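The primary structure of each chain is shown beneath.
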Amino acid sequence: MAQETIVKDPFKTEEYMINMGPQHPATHGVLRLLLTIDGEIIKKVEPDLGFIHRSIEKMCERDSYQQIVHLTDRMDYLSSHINNEAVCLAVENALEIEVPDRVKVIRTIIDELTRIASHTLWWGVMGMDLGALTTYFYGFRDRELINDIFEETCGARLTMNYNIPGGLMFDIHPNFVQRTKDFVKHFKTKLPEYDQLLTGNIIFQKRMKGVGVLTKEDAISFGVSGPVARGSGVASDIRKIHPYSAFDRVEFNEILFTEGDSFARYNVRIKEMWESLSIIEQLIDNIPEGDYKVPTKAVIKLPKGEFYQRVETARGELGVYIYSDGKKNPYRVKFRSPGFSNLSALNHMAVGSKIGDLVAMMATLDLVVPDIDR
Amino acid sequence: MDLTRVYNFFDYSFLKKKNMTNNELQNLIEPWFSGLEFTEEETQFLTLTVSKENLYELMQKLRNEYETQFDYLFCETGMDWGATLGVIYHLRSTKYGHEMVVKVHTSDRENANIDTVCDIWRTAELHEREIHDLFGIKFNNHPNMKVLILPENWEGYPLRKDYVDEVNMIIR
Amino acid sequence: MMNIPLLLPTEWVHKWLSGFMPETAVSITEMVLIAVAYLAFFAVAGLYLVLLERKIAAWIQLRLGPNRVGFWGIFQTIADALKLVSKELTGTVKADKFLYNLAPYFPIVAALIALSVFPFSKSLQAYNINIGIFFLTAVSSIGVIGILIGGYGSNNKYALIGAMRSGVQVISYELSVGLSLLTMVLLTGSLQLSEIIETQRTGGWLIVQGHIPAIIAFMIYMIAGTAETNRAPFDLVEAESELGAGYHTEYSGMKFAYFFLAEFINMFIIAAIATTVFFGGWLSPFGITDGIFWLQPFWFILKVFLIILLMMFFRWTYPRLRIDQVLTLEWKYLLPLNLMNIVLMAIMVWLGFTISW
């Protein structure tokens, strides 16, 4: 009958879908997150990737092995030296070349400098995301010093193509040792300042404690690695489990925290910076003399088989899986990037918290999107 | 709680349970199913090839069995061997420390179907979406089988060996 | 009629105008002249506050601020104002046209009205109403309407979230502002601003007169004051990292300039209330130069400047709070503290424990 009116439930609510879009001040790179929120509480987070996909894996199938090295440092550009080292180590282990000690020590020192550079940038941007806009400048001021050291030795500030299969591209600059020592001395006075500015601040602690908890079983199941896993109690430092370069002859601690919230991940990274400083100090004075590379053939052909090499970048475990069938181009290369697995844990951590917490969580996960999209 | 000092105080390796060597793993797993092939040549891990039907049960047993306990899937790779498509799983046990590789083939290139393992290891959710995107392998029982990286109207599966794209690919 | 106190130049103007106009026309002309003077002065002052903030931010962040346009960047904000005036006024298609265009006027009008009651010196005060403080808090509450209407009328999800957050924050913190000012009124016994300064001239600054409760009231007032103007650490309304730009995302050109300027004039108002009520307005410390009338505005501006400096330091040092933490702070901590403080002050005044000379 026409008299029958269908009355909608007056209290029916709909979900509100917001797009934290590809261009956004808080997502570090082009990451699009589709948030379904109810007021201020998040119901679901769905990442949408692919804005910076450059088909690196497909390109590797047509390039030679020396050319692959230069593609990798665009993946996670903040730890570019470590990415290069992963591929070089894979090729060297496959060909069973033994690089001289000098190369190993120099690679380790520049690894740790890269890690400090990446963590200072992370610290600066993290403060900026949470509203303390001054930390950005302090973090970058120290990163500039490291970039200057790299520019003198490797020739580039961000994507340093310094590693080649067989060793290094050129020898270190004569100023390298002195400048690194000066930097270590300078940075040791700055790290306590950063602790005072941000870590001890009550507003900061209230925004980070209890936010984004990831338990140990979930961390293992989601395959996270790096500081995210170590903040949840999973001891997964590749430098200790499968040591490479000169990491088996230095003494350093592996940082473990158990709570699994954002504050624990933050503390892990700050303490990692101290450990990196101590590694550099142990190695910088005794760089062994010798050659800086081992001559390889112009056309490298790996024997038939599969080779897997993993390194510890600033974000976690980077794995390089090369499947070669004896020709001069690899048959398939797969990069297991740390950001990809860390991102899959975001939905699980974010359900039930607020938008402000989501920003804090993404800052502590330390996502670099070109690493995720490759 | 900061476990750094406690954890690094002395070498814990005598307390950890011994990891199993490749031979022991092979002897343990071989009787479980028929048709498993083990190999160790041309690779640094123990590699196990399993058929599509037994894949899910094998993965569950590898995860839950007391002596193996492979609870960390650290790499899931799609692969195109020319005649067959497939997936390669790299597994690790955080408790014992041993590692293994599992491979599975499927010869149907039009409608490739493999069981998903994302209820065993949750990291597989995003990895399998990416393999579906780039190789065209569909995973059964996956909660969210959508494309991840490519736009939704992309035709073809780029990482396959027979993919041809006149416009975008540069072949020397 | 308004009671415009006469100063020498105002006497000349008054005499000149009453020479050729009837009484009411003289009053209206004088009102218009004073309004124009205030508008001109505070528009320029707002611009220079922006420059000051940029320079202080640069100093804290180890860099130089604007220093290209004029010596030390003095003409920088004038250049910015020219740029804003000449911008295209965009708008979204589905925006509610009336509300969208109406919204920017509320904050700026409320701010300028509130400016009229401040005593810059003994005889420089535009509107000496006898309910001074009450008038101030009432008028500055009008500004929140502009934020809510602007956020809703923009037809933008982010703007709406920002506007809702801001609305609830401003309304909550008005309570704390009002109550902490009430604590000081207990000492003076009058709401009129010039009376408050009279009490401080004879007895010493109010923050010294009512020692412990006055210091507590001052701290609560500073926290609530920064929250009222949506400045850090309470600036989640315009949290650039989270939502783009909050309620003024969709505004550009002159309308954005109104919102922007209103924020800085609000900061000036909060600092001016603090100096008048707590620190003695235009009085000099220990009454050294009270007689020299052209030094009185100088002391006022100096004290306001110091408090603005404090607010700017907050912004560039602390991270921001989450919205539920902001509201918890107000309703569970500041409000009970404020109420107990009032009782404490009342007991102290009744027993005569105030310090005065």
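These numbers were taken from a predicted model, which means no experiment stands behind them.

Okay, the sheet that holds strand β5 (residues 99–106) of chain B next. Residue and element names in this part refer to chain B. Across the sheet, five strands lie side by side as β1-β2-β5-β4-β3; this open sheet has mixed pairing. Either end of the sheet is taken by a strand with one partner, and the two such strands are β1 (37–39) and β3 (72–80). Pairwise comparison of adjacent strand axes, ignoring direction, gives a mean angle of 20° for this sheet.

Facing 22 residues of chain C, the contacting portion of chain A comprises 23 residues. Among the secondary structure elements, those contributing two or more residues to the side of chain C that touches chain A are α12 (240–243), α14 (296–317) and α15 (323–351) of chain C.

Once that is clear, we can look at unusual backbone geometry. Most peptide bonds take the trans configuration, and most residues that are not glycine carry a negative phi. A positive phi angle is found at S245 of chain A, which is not glycine, with a value near 45°. Relative to the assigned elements, S245 of chain A resides in the loop between α10 (238–241) and α11 (262–284). Unusually for a residue other than glycine, N230 of chain C sits at a positive phi of about 55°. Along the chain, the position of N230 of chain C falls in the loop between α11 (211–228) and α12.

Bringing the interface of chain A and chain B into the picture now. Contact residues are listed per partner, giving 35 residues for chain A and 30 residues for chain B. Listed by contribution, the elements that provide at least two residues to the side of chain A that touches chain B are α1 (56–60), α8 (216–221), β6 (305–312), β7 (317–324), β8 (332–336) and α12 (338–344) of chain A. Here the residues of the side of chain A that touches chain B are counted per class, giving eleven nonpolar, eleven polar and 13 charged.

Attention shifts here to the confidence of the model for chain B. All names here are of chain B. Averaged over all residues, the pLDDT of chain B equals 80, while 90% of them reach at least 70. Highest mean pLDDT in chain B belongs to strand β4 (residues 85–92) (87); lowest belongs to helix α1 (residues 4–8) (70). Among the prediction metrics, the complex's ipTM stands at 0.87, with pTM recorded as 0.86.

Turning to the sheet that holds β6 of chain A, a few remarks are in order. Residue and element names in this part refer to chain A. Spatial strand order, β6-β7-β8: three strands in an open sheet with antiparallel pairing. Bordering the open sheet on either side are β6 and β8, each of which pairs with just one other strand. With direction set aside, neighbouring strand axes in the sheet form an average angle of 10°. The sheet strands contacting helix α3 (residues 80–95) are β6 and β7, and the helix crosses β6 at an angle near 145°.

Okay, helix α4 (residues 101–130) of chain A next. Residues and elements named next belong to chain A. Compared with an ideal rise of 1.5 Å per residue, which puts 30 residues at 44 Å, α4 spans 44 Å between its outermost C-alpha atoms and is within 8% of the ideal. Counting buried positions along α4 gives 27 out of 30 residues, so the element sits mostly inside the fold. Within two residues after α4, G131 carries a phi angle of roughly 115°, on the positive side.

Before going further, it helps to spend a moment on the arrangement of the chains. Where two pairs of chains are in contact, the pair with the most contacts is made of chains A and B. Chain B shows no contact with chain C. Their nearest C-alpha atoms sit 24 Å apart.

Right, let's get into the packing of helix α5 (residues 105–114) of chain C against helix α6 (residues 132–140) of chain C. Residue and element names in this part refer to chain C. Relative to each other, α5 and α6 sit at 170°, their axes nearing to 9 Å. Taken as axis vectors, α5 and α6 run roughly antiparallel relative to one another. Within the contact between the two elements, α5 uses A110, I113 and A114 and α6 uses L136, V139 and S140. Along the lines of polarity and charge, the residues of the contact of α5 with α6 split into five nonpolar, one polar and no charged.

Conventions we followed
- Residues numbered from 1 in each chain as written.
- Chains lettered and ligands numbered in written order.
- Predicted model: local features only at pLDDT ≥ 70, side-chain atom pairs only at ≥ 80, totals over all residues.
- Pairing = 2+ DSSP bridges.
- Helix = DSSP H or I, 4+ residues; strand = E, 2+ residues; numbered from the N terminus.
- Axes fitted to C-alpha atoms, helices over the stretch in contact; angles between N-to-C directions.
- Contact = placed C-beta atoms within 7 Å.
- Nonpolar A, V, L, I, M, F, W, Y, C, P; charged D, E, K, R; others polar.
- pLDDT = per-residue confidence, 0-100.
- Expected span 1.5 Å × (residues − 1).
- Buried ≥ 20, exposed ≤ 12 C-beta atoms within 10 Å, placed from the backbone.
- Parallel < 35°, antiparallel > 145°, perpendicular 65-115°, else oblique.

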